[in-house]
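Examination of the molecular architecture
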Number of protein chains: 2
Amino acid sequence: MSKYDSCCHPGKRERFLEPSILYLLSQQADHGYSLLNRLRRYGFSETVPDPGSLYRILRKFESRQLIVSAWESGESGPAKRIYTLTDEGFHTLKQWISMLEQNVVFIQRLLDDYRTSREQET
Amino acid sequence: MSKYDSCCHPGKRERFLEPSILYLLSQQADHGYSLLNRLRRYGFSETVPDPGSLYRILRKFESRQLIVSAWESGESGPAKRIYTLTDEGFHTLKQWISMLEQNVVFIQRLLDDYRTSREQET
DNA sequence: CTATCTATATGCATTTTACATATATAAGGA
DNA sequence: TCCTTATATATGTAAAATGCATATAGATAG
């Protein structure tokens, strides 16, 4: 049992995290550490996802051939593994976006229902 | 490796399923089998969630005291375990709704970004 | 007398999650 | 020089969730 056992653990956004990563890579090939910052645009933070989880997702995507990687030893800092989206990855991103579009409609419905029920309470 | 390994498995909506269940119970105390039907309003189907998963979620909620149950042997059919939302459950629902409200904003942002990128492609 | 509907529940292999930890390069400051 | 911080990737692991199959049983319809 932890603080967020029942609900609202800030890490529980995985099914939104994965399409966000694919989208960011579709716009710009990138390495994990940089993605960690770019993900903030979609509500993620320094701690979510934790680096280990992000790297594992990237490796999973690579094993499924949604992305390919290449090492880049720049002038400064440690070597970076740069990931590029494949055609397969673009296709998967498209599917994922469709799913999110459908889901948003239903989430909105739940939120509307909740609001309505609160108003009628008085 | 299964059909939906990379994306879009219709069951991967768990973080939307759980608040949907709490909301439905907040409106009307109910048993699992009936919830299975009421959940269709929020995009779920005969197969998602599978009954086993729903019952397990209900037991989990009960162990965390978000709901309480009572057996009801009606005139027809097997006995039903009726679940009622507790004060704790109402509180958790409220938190979950707030989280969904925030998440929707970020999902919309991703969808908007994706659409914009598609338009600029031509 | 049997198929279907209603209703709840368990078994289990695989995957995901959260969090901690390891490793290494390089830059900046005291 | 030494220490800290930033950059960068990765693994270990216990606990939880997931997906799918299966078990059980009362009631109803043909």
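Rules and cut-offs
- Residues numbered from 1 in each chain as written.
- Chains lettered and ligands numbered in written order.
- Predicted model: local features only at pLDDT ≥ 70, side-chain atom pairs only at ≥ 80, totals over all residues.
- Heavy atoms only, no water.
- Helix = DSSP H or I, 4+ residues; strand = E, 2+ residues; numbered from the N terminus.
- Rg over C-alpha atoms; globule rule 2.2 N^0.38 Å.
- Buried < 20%, exposed > 50% of the residue type's maximum accessible area, 1.4 Å probe, protein only.
- Contact = heavy atoms within 4.5 Å.
- Areas by Shrake-Rupley, 256 points an atom, 1.4 Å probe, with all protein chains shown as cover.
- Lys, Arg positive; Asp, Glu negative; His and termini not counted.
- Charge placed at Lys NZ, Arg CZ, Asp CG, Glu CD.

Some thoughts on the overall build of chain A
- Scanning chain A from terminus to terminus reveals 4 helices and 3 strands.
- Along chain A, from the amino end to the carboxyl end, the secondary structure elements read α-β-α-α-β-β-α.
- Its C-alpha radius of gyration of 18 Å places chain A more than 25% over the 14 Å reference for a compact globule of 122 residues.
- For chain A, the C-alpha atoms occupy an extent of roughly 65 × 35 × 25 Å along the three principal directions.
- In chain A, which comprises 122 residues, the proportion classed as buried is 42%.
- Counting contacts in chain A only where the partners sit at least 6 residues apart, residues at least 24 apart contribute 48% of the total.
- Carbon and sulfur atoms form 48% of the exposed surface of chain A, whose accessible area is close to 6900 Å².
- If you average the places of the 17 positive and of the 16 negative side-chain charges in chain A, the two averages end up 2 Å apart.

Observations regarding the side chain of Arg81 of chain B
- Position of Arg81 of chain B among the secondary structure elements: in strand S3 (residues 80-85).
- Residues in contact with Arg81 of chain B, not counting those within four places in the same chain, are Asp30, His31, Gly32, Arg59, Glu62, Ser69, Ala70 and Trp71 of chain B.

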